[in-house]
Amino acid sequence: MPSGHELTDAEYAALADFRRTLRQFQAFSEERAADFGLTPQQHQVLLTIRGAASRPVSIGYVAERLFVKPHSASGLIVRLETLGLIARRPSPHDGRQALLELTPKAREILERLSAVHRDEIVRMRPTLKQLLDTIA
């Protein structure tokens, strides 16, 4: 073990509870995304684009952030374009590359969805902090 000591029963319990809490949040997130007609990966694409701030976002960037192959990211992008949530525009630096932007519709959905997620994280914060303090 890298830490140089055996895990205690309390640390095992905290690790188990931490993983359970993460899975609870993931289930919460998936349900909220579905409330807006999105899959979890579609939600993550929108969040990835919005989270890049002013950085140009390409399909390669989305693939990297989602840990998927570029062709899988491309399929997600096509579906989001069909839903009217993403627009492509040519890169001013490389005409072979398309840059991705959220549409106003996507921004509205993402704003509402992110507010709900933030509230859930705030609610979970004391539990997560306690678990992290026990593990670390």
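Residues numbered from 1 in each chain as written. Predicted model: local features only at pLDDT ≥ 70, side-chain atom pairs only at ≥ 80, totals over all residues. Heavy atoms only, no water.

**Here's the deal with helix 1 (residues 9–35)**
Quick reminder of the rule: Helix numbering and strand numbering both begin at the N terminus, where a helix is a DSSP run of H or I of at least 4 residues and a strand a DSSP run of E of at least 2. A helix is expected to reach a length of 1.5 Å times the quantity of its residues less one. When a residue's accessible area, from a 1.4 Å probe over protein chains only, is under 20% of the maximum for its type it is buried; when over 50% it is exposed; and in between it is partly exposed. Contact definition: two residues touch when any of their heavy atoms are within 4.5 Å.
In a regular helix each residue adds 1.5 Å, so 27 residues correspond to 39 Å; helix 1 covers 39 Å between its end C-alpha atoms and thus fits that length. Every buried residue belonging to helix 1 is among Glu11, Ala14, Thr21, Phe28, Ser29 and Ala33, and all of these are buried. The secondary structure elements touched by the buried residues of helix 1 are helix 2 (40–51) and helix 5 (104–135).

**Things to note about the pattern of salt bridges**
Note the cut-off: Salt bridge, as applied in this entry: a Lys or Arg side-chain nitrogen positioned within 4 Å of an Asp or Glu carboxyl oxygen.
For the coordinates displayed, the defined rule picks out 8 salt bridges. We note a salt bridge from Glu31 to Arg32, for which the minimum N-O separation is 3.7 Å. Residue Glu31 is classed as partly exposed on the basis of its relative accessible area of 43%. The partly exposed category is assigned to Arg32, whose relative accessible area is 22%. Where Lys129 meets Asp133, a salt bridge forms, and the shortest distance between an N and an O atom there is 2.9 Å. Of the two residues, Lys129 and Asp133 both sit in helix 5, 4 residues apart, roughly one turn of that helix. We classify Lys129 as partly exposed; its relative accessible area is 48%. One continuous salt-bridge network, built from bridges that share partners, spans Glu31, Arg32 and Asp35.

**Here we look at the environment of Ala98**
Looking at the secondary structure, you find Ala98 in strand 2 (residues 98–102). When residues no more than four places from it in sequence are discounted, the contact partners of Ala98 are Val57, Ser58, Ile59, Arg88 and Arg89.

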